Amino acid sequence: MEKSVGPQARRGLARASLPRLKLMLGAAIALGLVVAAPLSAQAAAPAACAALQEKYPDWKGKTLVNAINPHTPGYETIDPKDPSKYIGFDGEAIGECLGFKLTYKAVTFAALLTTLAAGQADIVISDIYATKERAKAADFITYSKVFDGVLVAKGNPKGINGINMSLCGAAAAENTGYVEVPLIQALIPECKKAGKPEPTIQLYDNNANCIQAILAGRADTYINDVNTVDSAVKAYPDKLEKAIAVTIPYSVGIAVPKNKPKFRDAVLAALIEVQKAGTHMELLKKHGLDVNNFMEPEILTAD
């Protein structure tokens with residue numbers, strides 16, 4: 001699936017000849033999965049979406065801005081064949097169901113929520129983990145469990161086996177603003193108490209730079225979404241490996257402004273209809289992803 005930068009977006013879905021097929025394909029992307037070809041899964045019921053458009057008419061016919069950090073394989077990345085396009089994740093199924101279109105604003109990960117809060121974007125669908133701390137800046141609709149992978153150099157010379165004491169003395173490359181940063185920082189006093197060197201953290205603006213830090217020997221590990229780690233290993237099988245996959249207590253979520261609860265409720269309702277289509281589960285199986293990622297959507301706020 002492709003999506004173009006700027007107002008000429010949504011070329012990828014334009015290939016689908018039927019509205020129901022278009023909605024189904026968009027649903028797959030809205031759930032964070034890349035589709036190589038159309039599936040025969042049922043689309044979200046047009047009648048249900050029509051009812052939602054009547055219930056939530058404020059966004060019908062509008063064009064909204066989705067802030068993304070396009071550096072996460074399987075979710076959103078820059079098309080290597082055309083840097084003016086993105087491949088992967090977006091929320092066009094939700095837009096189809098509620099009657100709005102999306103354009104895209106690429107920013108650093110750390111700027112996703114500030115861009116939303118400043119009114120420069122209407123929604124954030126960008127593999128962002130929903131936490132209580134982040135919910136102080138935006139409301140979230142969660143829809144996917146989180147499994148992190150621990151990326152290391154081939155052979156795992158430091159013997160890293162999780163977000164634990166094996167990180168003592170290791171250099172971790174992480175994205176600015178990622179939830180993994182405080183988890184690693186919390187190990188510093190534990191390592192000191194055990195008489196071991198503390199872990200250090202190198203902060204970067206995107207996944208690609210974190211991966212390059214390991215390839216260049218500047219960092220020992222990068223901990224992030226397991227799909228991102230698996231993609232890095234696939235790209236550099238002779239240089240990188242996944243030491244382990246770990247679960248962390250968060251969910252992937254869609255962020256919306258805190259002062260727009262009606263929009264939040266509309267997005268939740270549309271996402272429920274998208275999941276009812278069964279497309280999410282079918283694509284998890286089709287692409288060999290863990291079906292345990294699936295979860296019914298919920299609202300997370302700071303309250």
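Residues numbered from 1 in each chain as written. Predicted model: local features only at pLDDT ≥ 70, side-chain atom pairs only at ≥ 80, totals over all residues. Heavy atoms only, no water.

## Concerning the overall build of the protein
The line we're drawing: Only DSSP runs of H or I reaching four residues or more are called helices, and only runs of E reaching two or more are called strands; each is numbered from the N terminus. Three exposure classes are used, based on accessible area relative to the maximum for each residue type with a 1.4 Å probe and protein chains only: buried under 20%, partly exposed in between, and exposed over 50%. Accessible surface area values rest on a Shrake-Rupley calculation with a 1.4 Å probe, where residue burial reflects the displayed protein chains alone.
Of regular secondary structure, the protein possesses 10 helices and 13 strands. Burial statistics for the protein: of 303 residues in total, 52% are counted as buried. Split by element, the accessible area of the protein, about 13,100 Å² in all, is 53% carbon and sulfur.

## Here's the deal with helix α9 (residues 261-276)
Going by this rule: In this analysis, the expected span of each helix is defined as 1.5 Å times one less than the number of residues it contains.
Over its 16 residues, α9 extends 23 Å from the first C-alpha to the last, a length consistent with the 22 Å expected when each residue adds 1.5 Å. Within α9 the residues assigned to the buried category are F263, R264, A266, V267, L268, A269, A270, L271, E273, V274 and Q275. With its phi angle positive at about 80°, G278 sits one or two positions after the end of α9.

## A look at the state of the cysteines
For clarity, the cut-off: Criterion for a disulfide: a pair of cysteine sulfur atoms at a distance within 2.5 Å.
Applying the stated criterion across every chain yields a total of 2 disulfides. Through a disulfide, C49 is tied to C97; the S-S separation comes to 2.1 Å. Note on the C49 and C97 pair: the S-S dihedral is about -95°, so by sign convention the disulfide is left-handed. With C49 in helix α2 (residues 46-55) and C97 in helix α3 (residues 92-98), the pair connects residues that are 48 residues apart, well separated along the chain. The same class applies to C49 and to C97, which are both buried. One disulfide bridge connects C168 with C191, the sulfur atoms lying 2.0 Å from each other. An S-S torsion of about -85° defines the bridge between C168 and C191 as left-handed. Here C191 lies in helix α6 (residues 187-193) and C168 lies in the loop between β8 (139-153) and β9 (171-175), a separation of 23 residues in the sequence. Like C191, C168 is buried.

## Describing the side chain of Q202
How we decide: Polar contact is defined as a pair of N or O atoms within 3.5 Å, subject to the rule that within protein one atom must be able to donate a hydrogen and the other to accept it, and that residues adjacent in sequence are counted only when both atoms are side-chain atoms. The contact rule is simple, with two residues in contact once any of their heavy atoms fall within 4.5 Å.
Note that Q202 resides in strand β10 (residues 200-204). Within polar-contact distance, the side chain of Q202 engages the backbone oxygen of R218 at 2.6 Å. Look past the residues within four positions of Q202 in its chain and what remains in contact with it is A171, A172, A173, E174, A213, R218 and A219.

## Things to note about the pattern of salt bridges
Here is the rule: What counts as a salt bridge is simple: a side-chain nitrogen of Lys or Arg found within 4 Å of a carboxyl oxygen of Asp or Glu.
As enumerated under the stated definition, the model contains 9 salt bridges in all. The partner of D58 in a salt bridge is K262, with the nearest N and O atoms 3.7 Å apart. Here D58 is found in the loop between α2 and β2 (63-68), whereas its partner K262 is found in helix α9, with 204 residues between them in sequence. The class for K262 is partly exposed, based on a relative accessible area of 40%. The closest approach of N and O atoms between E198 and K192, which form a salt bridge, is 3.4 Å. On the accessibility criterion, K192 (53% relative accessible area) is exposed.

## Looking at helix α7 (residues 207-215)
Side chains of residues three or four places apart in an α-helix project in the same direction, reflecting 3.6 residues per turn. In plain terms, the rule: Think of it as the arc spanned by the lines of direction from the helix axis to the C-beta atoms.
Where α7 is concerned, the buried positions are N207, C210, I211, A213 and I214. In an axial view of α7, the angular spread of the buried residues amounts to 150°, which keeps them on one side of the axis. The N-cap residue of α7 is N206: its side-chain oxygen and the backbone nitrogen of A208 are 3.1 Å apart. Two residues or fewer past α7, G217 is found with a positive phi of approximately 85°.

## Focus: unusual backbone geometry
Trans peptide bonds make up the majority, and among non-glycine residues the majority have a negative phi. A positive phi angle, near 50°, is found at D127, a position not held by glycine. Counting through the fold element by element, D127 comes out in strand β7 (residues 123-130). With a phi angle near 45°, N156 is a residue other than glycine that sits in the positive phi range. Note on placement: N156 falls in the loop between β8 and β9. The buried category is assigned to N156, whose relative accessible area is 16%.

## Here we look at the confidence of the model for the protein
Quick reminder of the rule: Values of pLDDT, the confidence the predictor places in each residue, fall between 0 and 100.
Counting all residues, the mean pLDDT for the protein is 82, and 78% of those residues have values of 70 or more. Within the protein, α6 carries the highest mean pLDDT (98), whereas helix α1 (residues 19-30) carries the lowest (35). Contacts of residues 1-44 to residues separated by more than four positions or lying in other chains number 119 contacts, the stretch itself having pLDDT below 50.

## Focus on the packing of aromatic side chains
Each aromatic ring pair is described using two quantities: the centre-to-centre distance and the angle formed by the ring planes. What counts here: Here is the rule: rings of Phe, Tyr and Trp (six-membered ring for Trp) pair when centre to centre is within 6.5 Å. Planes less than 30 degrees apart are stacked, more than 60 are edge-to-face, and the remainder are tilted.
This model, assessed by the stated rule, comprises 3 aromatic pairs. On the numbers, 5.1 Å between centres and 40° between planes, the contact of W59 with F263 is tilted. Of the two residues, W59 sits in the loop between α2 and β2 while F263 sits in helix α9, which places them 204 residues apart along the sequence. Summarising the burial analysis for this pair, W59 and F263 share the class buried. Taking 6.3 Å as the distance between ring centres and 55° as the angle between the ring planes, the aromatic pair formed by F100 and F263 counts as tilted. Taken as a pair, F100 in the loop between α3 and β6 (101-106) and F263 in helix α9 lie far apart in primary sequence, 163 residues in all. Take F263: its relative accessible area is 2%, and that puts it in the buried class. Taken together, the ring pairs in this structure connect W59, F100 and F263 into an aromatic cluster.

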